[in-house]
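# Commentary on secondary and tertiary structure
Given next are the chains, with one letter for each unit.
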Amino acid sequence: MFIIISGPSGSGKTPLLYRMMEIYPNIKKIQSYTTRQSRKTEVRGTYVYMTKAQFEQKIKENFFLEFNKVHKDQEYYGTGRASYEKVIKNGQVAIKDIDVDSYKMIKQNKDLDIVGIYVTVKRRSVLFDRLRERGESERTIRLRLFDRVDYENKQSCFYDYVVYTDKFENASNELEKIIDKEFKKRGIVVKKNEKREFTRPLF
Ligand code: 5GP
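Attention here is on the structure that accompanies the text. Each chain has its residues counted from 1, following the order in which its sequence is written. Owing to the predicted nature of the model, reporting of local features is limited to residues with pLDDT of at least 70; listing and counting of side-chain atom pairs is limited to 80 or more, with chain, interface and lining totals taken over all residues. Side-chain figures throughout are based on the complete set of non-hydrogen atoms in the structure, without hydrogens or water.

## A word on the sheet that holds strand β6 (residues 75-80)
A pair of strands is considered paired only if DSSP assigns at least 2 bridges between the two. Elements are defined by DSSP. Helices are runs of H or I of four residues or more, strands are runs of E of two residues or more, and each kind is numbered from the N terminus. The strand order β4-β3-β6-β5 describes an open sheet built from four strands, whose pairing is mixed. This sheet does not close on itself; its edge strands, each paired only once, are β4 (47-49) and β5 (64-70). Geometrically, the sheet is characterised by an average inter-axis angle of 25° between neighbouring strands, direction not taken into account. With three bridges joining them, strand β3 (residues 32-34) and β4 adopt parallel strand pairing. Only the stretch in contact is used when fitting a helix axis, every axis being a line fitted to C-alpha atoms; angles between N-to-C directions are given from 0 to 180 degrees.

Structure representation (structure tokens):
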């Protein structure tokens, strides 16, 4: 099973994903590769950073399960094929966030057992506030939100579930229920972590 989370910048994809990994010991994050600059607030290990030349070389070597140029700043983002396959071979569940266009493409691959979750907010101002809190420049906020959010939200119909993250705790509980349901369908049994120590920042 491969859980893919998408949603606008600031919708809370990353904290939700980490929280699910804290709850379910069998869920493993597949790391993304990117050519974008790292952020000051970014926790180590969020991405593997590389130059455009390195990324393009890896494309030629068929290194990526999927990749795309995302946002107007046109940086590359991609999923390493080997890290995905390792998780699945170990009988674990893969999780990661990818952009909406890549999701639509990869979802068509019937060899992959994908559960698509779209996360967004009801009140758009929440996104602006979160990105400002995260220390993003006004230019980046404009690039990431103004044209993108409407487009991205329109793609939510391609996902199996939509989760609203205006209230993070509700979103987290809802996502947990979804995962429980999907595990049950597939006969996946796991002992959930009841003593949850959520150490990561929410946004
Ligand atoms: P950010 O720069 O805000 O961390 O991510 C920008 C966008 O890239 C988000 O929509 C995120 O979901 C997407 N993204 C992150 N990793 C990957 C990846 O490995 N592949 C693809 N296609 N998109 C990714």
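## Remarks on the site of the ligand
Residues in contact with the ligand amount to 18 residues; listed here are only the nearest, Arg36, Tyr47, Tyr77, Lys96 and Asp97. Whenever two N or O atoms come within 3.5 Å, that pair is a polar contact, provided that in protein one can donate a hydrogen and the other can accept it, and provided that, for residues adjacent in sequence, both atoms are side-chain atoms. Between the ligand and Ser32 there is a distance of 2.8 Å, counted from a nitrogen atom to a side-chain nitrogen or oxygen. Here a nitrogen atom of the ligand and a side-chain polar atom of Glu66 are 2.7 Å apart. Burial of the ligand by the surrounding chains reaches 96%, relative to a free accessible area of 510 Å². Sorting the residues of the shell around the ligand by element identifies β5, β6 and β7 (93-97) as the ones contributing at least two each. Each residue belonging to the shell around the ligand can be placed in one class, and the counts come to four nonpolar, six polar and eight charged. The cutoff for a nearby residue is simple: one of its non-hydrogen atoms must lie within 4 Å of the molecule or strand. The Shrake-Rupley method, run with a 1.4 Å probe, gives the accessible areas here. Residue values count only the displayed protein chains as cover. Here the term charged refers only to Asp, Glu, Lys and Arg, the term nonpolar to Ala, Val, Leu, Ile, Met, Phe, Trp, Tyr, Cys and Pro, and the term polar to all other amino acids, Gly among them.

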